[in-house]
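Structural features, examined
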Amino acid sequence: MQLLMMGPPGAGKGTQAAKLVKKFSIPQISTGDMFRAAVKEGTELGKAAKACMDAGKLVPDEVTIGIVRERLAKDDCKNGFILDGFPRTVEQADALKKILAELGMKLTQVLNIHVPAEDLIERAVGRRICKNCGATYHVKFHPTKVAGTCDDCGGELYQRGDDNEATMKKRLSVYEASTRPLIDYYKGAGIYTEIDGRQAIDKVTEDLVSVLSSVKD
Ligand code: AP5
Ligand code: MG
Ligand code: ZN
């Protein structure tokens, strides 16, 4: 299954992708996670990406397309993958089509998690992530059993640098201008489904799995 998980910042793409990874044993490809890993490692890519991410802007298309092209060519993508946060511009979507054609693949399904703008800032500001295993929590909607400690591995939680109200407002306006147009881009292809992301986390997963159970690979 070649899946594309779409949705505005904070909609639940990463949370849901992690659940589908477990269920379908295919990798999650999150450009945001890849950029954050590069920032941590202090690579050239990380240095270039950090300034954009801190400002809530998109990393330039040529950089982003390059890392996705390399990632999709890896062996573990042969049985499928879940793209999370890519593409975010029409240029990236056109490039994805070309990359997949070169690899003899195409998208099976586009899943758009819909959450109204007014809920998204609260979701981002309250998000907490495990430093050790990357599990995602929320102080109100998905709290850990012990404050500040990951339920899965006991790791320490941290807050992303771009998860503050000011940067989130910028990310939402970038989404409206550059990424929302992709809804129409994919609607025309007949593989697009919208999921109500305001429901409880497990109910959203249930809806996604139900869509995927009727999809031909
Ligand atoms: P990225 O890391 O992709 O961030 P994003 O798109 O802004 O999305 P988020 O990761 O913030 O949200 P999510 O949808 O994954 O939500 P989550 O599941 O965590 O990108 C970061 C930056 O990298 C960009 O700004 C850009 O600079 C750069 N970048 C990345 N990709 C790029 C690209 N293709 N081109 C150019 N630049 C790129 O959930 C959020 C919170 O809500 C969590 O706390 C969670 O517990 C909670 N939650 C989840 N589901 C629910 C629910 N159903 N009910 C209540 N709470 C919920
Ligand atoms: Mg994410
Ligand atoms: Zn953990």
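Check the entry above for the structure.
Not measured: the values here are computed from a predicted model.

Within the secondary structure layout, Asp-163 lies in the loop between strand 7 (157–158) and helix 7 (165–179). The class for Asp-163 is buried, based on a relative accessible area of 2%. Among the polar contacts listed, one links the side chain of Asp-163 to the side chain of Arg-171, at a separation of 3.1 Å. Beyond its immediate chain neighbours, meaning those up to four positions away, Asp-163 contacts Ala-124, Val-125, Arg-127 and Arg-171.

What follows concerns unusual backbone geometry. In this structure, Pro-87 follows Phe-86 across a cis peptide bond, with omega equal to 0 degrees. Note on placement: Pro-87 falls in the loop between strand 3 (81–84) and helix 5 (90–102). Although it is not a glycine, Ser-25 adopts a positive phi angle of roughly 55 degrees. Within the fold, Ser-25 resides in the loop between helix 1 (13–24) and strand 2 (28–30). With relative accessibility at 64%, the residue Ser-25 sits in the exposed group.

How each quantity is defined
Residues numbered from 1 in each chain as written. Chains lettered and ligands numbered in written order. Predicted model: local features only at pLDDT ≥ 70, side-chain atom pairs only at ≥ 80, totals over all residues. Heavy atoms only, no water. Helix = DSSP H or I, 4+ residues; strand = E, 2+ residues; numbered from the N terminus. Buried < 20%, exposed > 50% of the residue type's maximum accessible area, 1.4 Å probe, protein only. Polar contact = N/O pair within 3.5 Å; in protein donor to acceptor, adjacent residues only side chain to side chain. Contact = heavy atoms within 4.5 Å.

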